[in-house]
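# Per-entry structural report
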Amino acid sequence: MLFLFITFIKYFNNTLLSAPLNVTIRELEVNSAVVTWEILEGDPVIGFAITQQKKDVRMLRFIQEVNTTTRSCALWDLDEDTEYIVHVQSISMGGSSPPSQPVLFRTPKESEKMESKSPNEVTMEEVGQAQLRAGELIIIVVVLVMWAGVIALFCRQYDIIKDNEPNNNKDKAKNSSECSTPEHPQGGLLRSNV
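Residue positions within a chain follow its written sequence, with the count starting from 1. Whole-chain, interface and lining totals are the exception, using all residues; otherwise, since this is a predicted model, local features are given only for residues with pLDDT of at least 70 and side-chain atom pairs are given and counted only at 80 or more. Water and hydrogen atoms were dropped before computing side-chain values, which therefore reflect all heavy atoms in the structure.

## Things to note about the overall build of the protein
The helix count covers DSSP runs of H or I at least four residues long, the strand count covers runs of E at least two residues long, and both are numbered beginning at the N terminus. Within the protein, the secondary structure is distributed over 4 helices and 8 strands. Listed N to C, the secondary structure of the protein is α-β-β-β-β-β-β-β-β-α-α-α in terms of helices and strands. Per-residue burial over the protein gives 20% buried out of 194 residues. Intrachain contacts of the protein at a sequence separation of at least 6 include 56% that bridge at least 24 residues. For the protein, the exposed area adds up to about 15000 Å²; of that, 59% sits on carbon and sulfur atoms. Exposure classes here rest on a 1.4 Å probe applied to the protein chains alone. A residue is buried below 20% of its type maximum, exposed above 50%, and partly exposed in between. In what follows, residue pairs with any heavy atoms lying within 4.5 Å of each other are defined as contacts. Each accessible area is a Shrake-Rupley result for a 1.4 Å probe, and residues are judged covered by the shown protein chains and nothing else.

## Topic: the pairing of strand β4 (residues 60-66)
DSSP-based pairing: two strands are paired if at least 2 bridges between them are found. As paired strands, strand β3 (residues 47-54) and β4 are joined by 7 bridges and run antiparallel to one another. Across the sheet, residue Q52 finds its bridge partner in β4, namely R61. The hairpin turn running from β3 into β4, its antiparallel successor, is 5 residues long.

## A word on the sheet that holds strand β5 (residues 72-75)
Spatial strand order, β1-β2-β5: 3 strands in an open sheet with antiparallel pairing. The two strands at the open ends of the sheet, each matched to only one other strand, are β1 (21-26) and β5. In this sheet, adjacent strand axes meet at a mean angle of 20° when their direction is disregarded. In this structure, β1 lies alongside strand β2 (residues 33-38), joined through 4 bridges in antiparallel fashion. Bridging across to β2, T24 finds its partner in T36. Each axis is a line fitted through C-alpha atoms, and for a helix only the stretch in contact is used; angles between axes span 0 to 180 degrees, taken between their N-to-C directions.

## Re a nonpolar patch on the surface
Like charges are joined within 9 Å and nonpolar side chains (Val, Leu, Ile, Met, Phe, Trp, Tyr) within 5 Å, but only among residues with over 30% relative accessible area and no salt bridge; these make up the patches. Here, a salt bridge means any Lys or Arg side-chain nitrogen found within 4 Å of an Asp or Glu carboxyl oxygen. A surface patch of nonpolar side chains, about 500 Å² in accessible area, is lined by I139, V143, W147, V150 and I151. Within the fold, I139 resides in helix α3 (residues 124-163). Given the relative accessible area of 53%, I139 is considered exposed.

Here it is as structure tokens:
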């Protein structure tokens, strides 16, 4: 009987997890946020469960991750200017911990987010746009250089073709025949027999 009681106490202690601590919201955006937390040292945690709920709505989003040691989770597809409540639970082989203390946060409005950004702050979206603009500029310059090369090649070929036209050959033949003699059919100076 004592053996069963000790086994029960050991099993109960192994499955009893503490709720995650210091649950905080970071990287709060208009449509996303990141929830982070800590756990007590020694808890046999194999994963986490996160519940996300709009403050005045009963509908929940449940995110569960197992076989992970991460202490954060991205919340996505959030509504602008909306209050949310988040709870985090630890998961072990024996079950789940009680939920953490609720964390209440509000997503900002798009206009608030733009106003809160300092003039020197650059977002990743703006960096991507700047890189895109630089890439577009490089492509435009390369295309213009290629067109200039094509036009220069065309002009050169046009001059060669123009010089080899049949009408130009007749004119050249006339000019050269005016200067030719029977002795010099290709043209040349007349010699006199002195």
